[in-house]
2 protein chains.
Amino acid sequence: MFSKSTEYALRAIIYLAQNSDPDHKIGLEELSKAIGSPRSFTAKIMQKLTKDQNLVSSVTGPGGGFYTNQESKTRSVFSVLELMGEETTITQCVLGLDQCSDQNPCPLHSTYKQIKPRLLEMFQGKSIQQLAKELKNEKTVLNRPRKAS
Amino acid sequence: MFSKSTEYALRAIIYLAQNSDPDHKIGLEELSKAIGSPRSFTAKIMQKLTKDQNLVSSVTGPGGGFYTNQESKTRSVFSVLELMGEETTITQCVLGLDQCSDQNPCPLHSTYKQIKPRLLEMFQGKSIQQLAKELKNEKTVLNRPRKAS
DNA sequence: ATAATTAAAGATATTTTTATCCTTAATTAA
DNA sequence: TTAATTAAGGATAAAAATATCTTTAATTAT
Ligand code: FES
Ligand code: FES
């Protein structure tokens, strides 16, 4: 559904929401291993995420790393999608027409019209923190286990 | 949501379902203009679609072109997605984990679990012919109008 | 048979996405 | 102040997606 970059970004920020705070930062090494993403590529994505204030912060040097503060954890999952330029994945026309609207509907529009709001709600209605909590409570995972448990 | 290739494929097959039959074939020129896709690239996609029997047929030479027969029009939109290798776009884990299942759910799984069946139904429950009919009846479009009407 | 038309097939080209590596800058600890 | 650590930034590289062009094969009309 989303690009690898966005998948990594989502996994990374959820991991940080669960495991970091301003007093406990996570290094790139731990982070990329935890979410099962290529280290250097993840570095690039983190640079993008830290560009946007309010989402992910970082500090260089010993003891440094990436972290989320309390406020950033309240941001919606959708805000991550926006930052990664993936709103269109949900909002654009399924057949690729210039705009998805009731004005010039494609043949799939009337059906997609019913699903799109649910997809938006799925991401807009969930905060990063909520996902992190589910991770803790419901035994969900962020990495790619080779064998199912 | 889908790749350009898949978007073109869907638009093409819907156009053919509406405008072609074994006695009235559509040339690449008309087809690519009608759906607003790059001509040569569309040719490649059509080759893929004609490889699968039952979906799109073609004939070379004067009067030749692409067409759909009555049976192929009854196929589901999902069958096109399968042919284009896009089932995973819907079925795979939103966070990119190896598998999307209740076994090793990611933090978004419980929410996506409610939407995924609707997305599948959206494509499995619609035949190509149904979309072509909507195109005719409900004034839907397949190209990219520069100005909304 | 020959010429014209059309898709199939193959070769390339371009762009975007994904990924790695190397150098620099910031921070901390000794 | 020096050395160590860590992310930032820049330069490439590799792979995949998108796109174009040229040649070939099939079919039809003359
Ligand atoms: S116009 Fe195509 S999905 Fe809305
Ligand atoms: S496991 Fe992630 S969406 Fe199902």
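Because the structure is predicted, anything quoted here is derived from the model rather than measured.

Cut-offs applied
- Residues numbered from 1 in each chain as written.
- Chains lettered and ligands numbered in written order.
- Predicted model: local features only at pLDDT ≥ 70, side-chain atom pairs only at ≥ 80, totals over all residues.
- Heavy atoms only, no water.
- Contact = heavy atoms within 4.5 Å.
- Buried area = accessible area lost by both parts, 1.4 Å probe.
- Salt bridge = Lys/Arg side-chain N within 4 Å of Asp/Glu carboxyl O.
- Polar contact = N/O pair within 3.5 Å; in protein donor to acceptor, adjacent residues only side chain to side chain.
- Least-squares fit on C-alpha atoms with pLDDT ≥ 70 in both.
- Phe/Tyr/Trp six-rings, centres within 6.5 Å; stacked < 30°, edge-to-face > 60°.
- Helix = DSSP H or I, 4+ residues; strand = E, 2+ residues; numbered from the N terminus.
- Buried < 20%, exposed > 50% of the residue type's maximum accessible area, 1.4 Å probe, protein only.
- Near = heavy atom within 4 Å.
- Nonpolar A, V, L, I, M, F, W, Y, C, P; charged D, E, K, R; others polar.
- Core = buried A, V, L, I, M, F, W, Y, C linked by side-chain atoms within 4.5 Å.
- pLDDT = per-residue confidence, 0-100.

## Regarding the interface of chain A and chain B
Often, the extent of an interface is quoted as the loss of accessible area upon association of its parts.
Right, on to step 1. Listed per partner, the contact involves 41 residues of chain A and 41 residues of chain B.
Right, on to step 2. Across the chain A/chain B interface, buried area totals approximately 3,900 Å², and carbon plus sulfur atoms make up 62% of it.
Right, on to step 3. Taken together, the links from chain A to chain B amount to 0 salt bridges.
Right, on to step 4. Our count for the chain A to chain B interface comes out at 2 residue pairs in polar contact (both at pLDDT 80 or more).

## Observations regarding the relation of the copies chain A and chain B
Superposing the two chain copies requires a rotation about an axis and a translation along that axis.
Right, on to step 1. Rotating chain A by 180 degrees and moving it 0.0 Å along the rotation axis overlays it on chain B with an RMSD of 0.0 Å. The relationship between the two copies is best expressed as a two-fold rotation axis. If distances are taken from each C-alpha of chain A to the rotation axis, the shortest is found for Met1 of chain A, at 3.1 Å.
Right, on to step 2. A shared interface surface links the copies, since 98% of the contact residues of chain A are contact residues in chain B too.

## Here we look at the packing of aromatic side chains
Residues and elements named next belong to chain A.
Right, on to step 1. One pass over the structure, following the stated rule, counts 4 aromatic pairs over all chains.
Right, on to step 2. Ring centres of Tyr8 and Phe41 lie 5.9 Å apart, and the angle between their planes is 85 degrees; this geometry places the pair in the edge-to-face category. Taken together, the residues Tyr8 in helix H1 (residues 4–19) and Phe41 in helix H3 (residues 39–51) connect sequence positions 33 residues apart.
Right, on to step 3. Tyr8 sits in the buried class, given a relative accessible area of 8%.

## Remarks on the protein's contact with DNA strand C
Right, on to step 1. Around DNA strand C, 26 residues are found, and the nearest of them are Pro62 of chain A together with Gly27, Leu28, Lys44 and Ser58 of chain B.
Right, on to step 2. The sugar-phosphate share of atoms of DNA strand C within 4 Å of the protein amounts to 63%.
Right, on to step 3. In this structure, a phosphate oxygen belonging to DNA strand C sits 3.0 Å away from a side-chain N or O atom of Lys51 of chain B.
Right, on to step 4. One nitrogen or oxygen atom from the main chain of Gly61 of chain B is found 3.2 Å from a base oxygen belonging to DNA strand C.
Right, on to step 5. Within the residue set of the surface near DNA strand C, elements represented by two or more residues are H1 and H3 of chain A together with helix H3 (39–51), strand S1 (57–59) and strand S2 (65–67) of chain B.
Right, on to step 6. Looking at the surface near DNA strand C, the element that brings in the most residues is H3 of chain B, giving 4 residues.
Right, on to step 7. Of the residues assigned to the surface near DNA strand C, the class counts are 9 nonpolar, 13 polar and 4 charged.

## Digging into the pattern of salt bridges
Right, on to step 1. Applying the stated criterion across every chain yields a total of 10 salt bridges over all chains.
Right, on to step 2. Across the pair Arg75 of chain A and Asp52 of chain A runs a salt bridge, and its minimum N-O distance is 3.8 Å. One end of the pair, Arg75 of chain A, is in the loop between helix H4 (70–73) and helix H5 (77–83); the other, Asp52 of chain A, is in the loop between H3 and strand S1 (57–59), and 23 residues separate them in sequence.
Right, on to step 3. Taking relative accessible area as the criterion, Arg75 of chain A reaches 24% and is therefore assigned partly exposed.
Right, on to step 4. A relative accessible area of 25% means that Asp52 of chain A is categorised as partly exposed.
Right, on to step 5. The partner of Arg39 of chain B in a salt bridge is Glu29 of chain B, and the shortest N-O contact between them spans 1.9 Å. With Arg39 of chain B in helix H3 and Glu29 of chain B in helix H2 (residues 28–35), this pair connects stretches of sequence that are 10 residues apart.
Right, on to step 6. Under the relative-accessibility criterion, Arg39 of chain B is labelled partly exposed at 43%.
Right, on to step 7. Residues joined in a network through salt bridges with shared partners are Glu29, Lys33 and Arg39 of chain A.

## Side note on the nonpolar core
For soluble globular proteins, the rule of thumb is that nonpolar side chains tend to be buried together.
Right, on to step 1. Counting 92 residues, the largest nonpolar core has Leu31, Leu119 and Phe123 of chain A together with Leu31, Leu119 and Phe123 of chain B as the members making the most contacts within it.
Right, on to step 2. Every residue in contact with Phe123 of chain B, bar those within four places of it in the chain, is listed here: Val94 and Leu108 of chain A together with Phe2, Ser76, Val77, Phe78, Leu81 and Ile90 of chain B.

## What about unusual backbone geometry?
Right, on to step 1. The phi dihedral of Asn54 of chain A is positive, around 80 degrees, even though this residue is not glycine.
Right, on to step 2. Under the relative-accessibility criterion, Asn54 of chain A is labelled partly exposed at 39%.

## Digging into the environment of Ser101 of chain B
All names here are of chain B.
Right, on to step 1. You can see Ser101 is positioned in the loop between helix H6 (87–91) and helix H7 (109–124).
Right, on to step 2. A relative accessible area of 21% places Ser101 in the partly exposed class.
Right, on to step 3. Sequence separation of Ser101 and Thr91 is 10 residues, and the distance between their C-alpha atoms is 9.6 Å.
Right, on to step 4. Reaching out from Ser101, the side chain makes a polar contact with the backbone nitrogen of Gln103 at a distance of 3.1 Å.

## What about the confidence of the model for chain A?
Residue and element names in this part refer to chain A.
Right, on to step 1. Here chain A averages 92 in pLDDT, while 94% of its residues score no lower than 70.
Right, on to step 2. Helix H8 (residues 128–137) is the least confidently modelled element of chain A, averaging 87 in pLDDT, while strand S2 (residues 65–67) averages 98, the highest of any element.
Right, on to step 3. Under a pLDDT of 50 for its full length, residues 145–149 has, in the predicted model, 6 contacts with residues more than four places off or in other chains.

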